[in-house]
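# Fold and geometry: a report
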Amino acid sequence: MKVLVTGGAGYIGSHICVQLLEAGHELVVLDNLSNSNEEALIRVKELAGRDFTFYQISLQDRNAVERVFQKNELDAVVHLAGSKAVGESVSFPLDYYRNNVAGTLVLCEAMSRAGVRRLVFSSSATVYGKPDKCPIHEQSPLRANNPYGRSKLMIEDILHDLHASDPRWSIAVLRYFNPIGAHRSGLIGEDPKGEPNNLLPYITQVAIGQRDKLIIFGNDYPTPDGTGIRDYIHVEDLACGHLKALEKLGRQTGIAAYNLGTGKGYSVLDIVRVFERATGRHIPLQFADRRPGDVAESYAYPGKAKLELDWAAIRGIEEMCADAWRWQSLNPYGYLDVHRSYANTL
Ligand code: WQD
């Protein structure tokens, strides 16, 4: 298939692009590079040994998005482009609704006009808010408790209405749990701008000496060791879930949501311990108050994806930590110190 990946230069997007190319698909990437680096796409090409088209445009630029669909005979879209920091969304909600929701409307209108009706949408476990219990099923209550999560929920509702208006649409909504790790080559990985919000990139920056210690947000949660429990999933397993979803879209129409997680929960202290064992690096710790909006526990029931997508995570937490460390140790400043260009003109 010829697949458009929006946000393809990002952490998750770049890993999906490598697997799409390796699987023989033709690839078009659309990314405004607001939270990613063109260097990642050059490395995607090097890893896959295949070329592809990249347009540096924003989903807010309706004319440019239309031109992408006019210039490329697309079969499907994997839609990842969007803002994804919970704390930032609380401070700048309008940016999140414009970027995530309005951007998706522009994309879906261009898809509809072009007759492209296969869509894999990047959603998030954040749509579940504070779960009543774990493991979390796709039928668990949806109750996002921040603008980022609400933007994802709004988009899911929009996609349901779109399918109801035209049943020819094939839509897979993938709810990511906690993606971590990196491609085994260490060439592509998570490259947060500024101080990392998420646990693993913060740990790897402590391990490489860029941060002096890990602050653990809360050790008084109702969990075995008091720290927060999450379902960490290797970004390569997550990427594979997208290819499996695309295969399903090629077989049947409809809309369905899938939890992409391992089904196992690990606490912050578990992760620190596994990381230290896997890398031989020491992570100094300091406990602090809980982070607003954090939940005690969140891990998936991934049975529906196994049944309907024939997908399951296969990589363990040790591999996730070792791969995250390899990326960080080979790229101490991420993609920052490399500036090669790759963009096509529309
Ligand atoms: C994991 C655990 C923290 C950093 C978020 C988004 C979610 C998704 C993934 C986009 C928690 C603890 C963290 C630190 C810490 N993003 N922690 N010290 O919050 O589960 O999910 O990222 O889709 O939507 O909500 O991930 O990595 O931030 O936190 O103690 O410096 O690590 O309290 O228990 P989270 P996280």
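As named in an unreviewed UniProt entry, the protein chain is UDP-glucose 4-epimerase, taken from Paenibacillus glycanilyticus. The protein chain has a UniProt comment under Catalytic activity (unreviewed entry) that states "UDP-alpha-D-glucose = UDP-alpha-D-galactose". The UniProt entry for the protein chain carries the following comment under Sequence similarities (unreviewed entry): "Belongs to the NAD(P)-dependent epimerase/dehydratase family."

Attention shifts here to the site of the ligand. Around the ligand, the surrounding shell holds 19 residues, and the nearest of these are Thr-126, Tyr-148, Leu-199, Arg-230 and Asp-294. Asn-198 is positioned with one of its side-chain polar atoms (N or O) 2.9 Å from an oxygen atom of the ligand. Separating a nitrogen atom of the ligand from a backbone N or O atom of Ile-215 is a distance of 2.8 Å. At four residues, the largest contribution of residues to the shell around the ligand is made by strand β8 (residues 214-217). Considered class by class, the residues forming the shell around the ligand number nine nonpolar, six polar and four charged.

Next up on the list: the packing of aromatic side chains. Summed over all chains, the structure comprises four aromatic pairs. Judged by centre distance (6.4 Å) and plane angle (85°), the ring pair of Tyr-96 and Tyr-148 falls under edge-to-face. With a gap of 52 residues between them, Tyr-96 in helix α5 (residues 93-114) and Tyr-148 in helix α6 (residues 147-165) connect regions that are remote in the sequence. Ring geometry for Trp-327 and Tyr-335: centres 5.0 Å apart, planes at 50°, overall tilted. Overall, the relative accessible area of 3% leaves Tyr-335 in the buried class. For the cation-ring pair, Arg-290 lies above Tyr-221, with the distance from its terminal atom to the ring centre recorded as 4.2 Å.

What follows deals with the sheet that holds strand β6 (residues 170-176). Within the open sheet, the seven strands sit side by side as β3-β2-β1-β4-β5-β6-β11. Their pairing is parallel. Whereas interior strands pair on both sides, the edge strands pair on one side only; in this sheet they are β3 (53-55) and β11 (254-260). Across the sheet, the mean angle from the axis of one strand to that of its neighbour is 15°, orientation sign disregarded. Sheet analysis places strand β1 (residues 2-6) next to strand β4 (residues 76-79), joined by four bridges and oriented parallel. Looking across to β4, one finds that Val-5 is bridged to Val-78. Its contacts with the sheet put α5 on β1, β4 and β5 (118-124), and the angle it makes with β4 is roughly 175°.

The next thing to look at is the environment of Glu-88. Among the secondary structure elements, Glu-88 is positioned in helix α4 (residues 86-91). The class for Glu-88 is partly exposed, based on a relative accessible area of 42%. Separated by 60 residues in the primary sequence, Glu-88 and Tyr-148 place their C-alpha atoms 8.4 Å from one another.

The rules we used
Residues numbered from 1 in each chain as written. Predicted model: local features only at pLDDT ≥ 70, side-chain atom pairs only at ≥ 80, totals over all residues. Heavy atoms only, no water. UniProt positions renumbered as here; feature names shortened; annotations may be inferred. Near = heavy atom within 4 Å. Polar contact = N/O pair within 3.5 Å; in protein donor to acceptor, adjacent residues only side chain to side chain. Helix = DSSP H or I, 4+ residues; strand = E, 2+ residues; numbered from the N terminus. Nonpolar A, V, L, I, M, F, W, Y, C, P; charged D, E, K, R; others polar. Phe/Tyr/Trp six-rings, centres within 6.5 Å; stacked < 30°, edge-to-face > 60°. Buried < 20%, exposed > 50% of the residue type's maximum accessible area, 1.4 Å probe, protein only. Lys NZ or Arg CZ within 6 Å of the ring centre and 35° of its normal. Pairing = 2+ DSSP bridges. Axes fitted to C-alpha atoms, helices over the stretch in contact; angles between N-to-C directions. Contact = heavy atoms within 4.5 Å.

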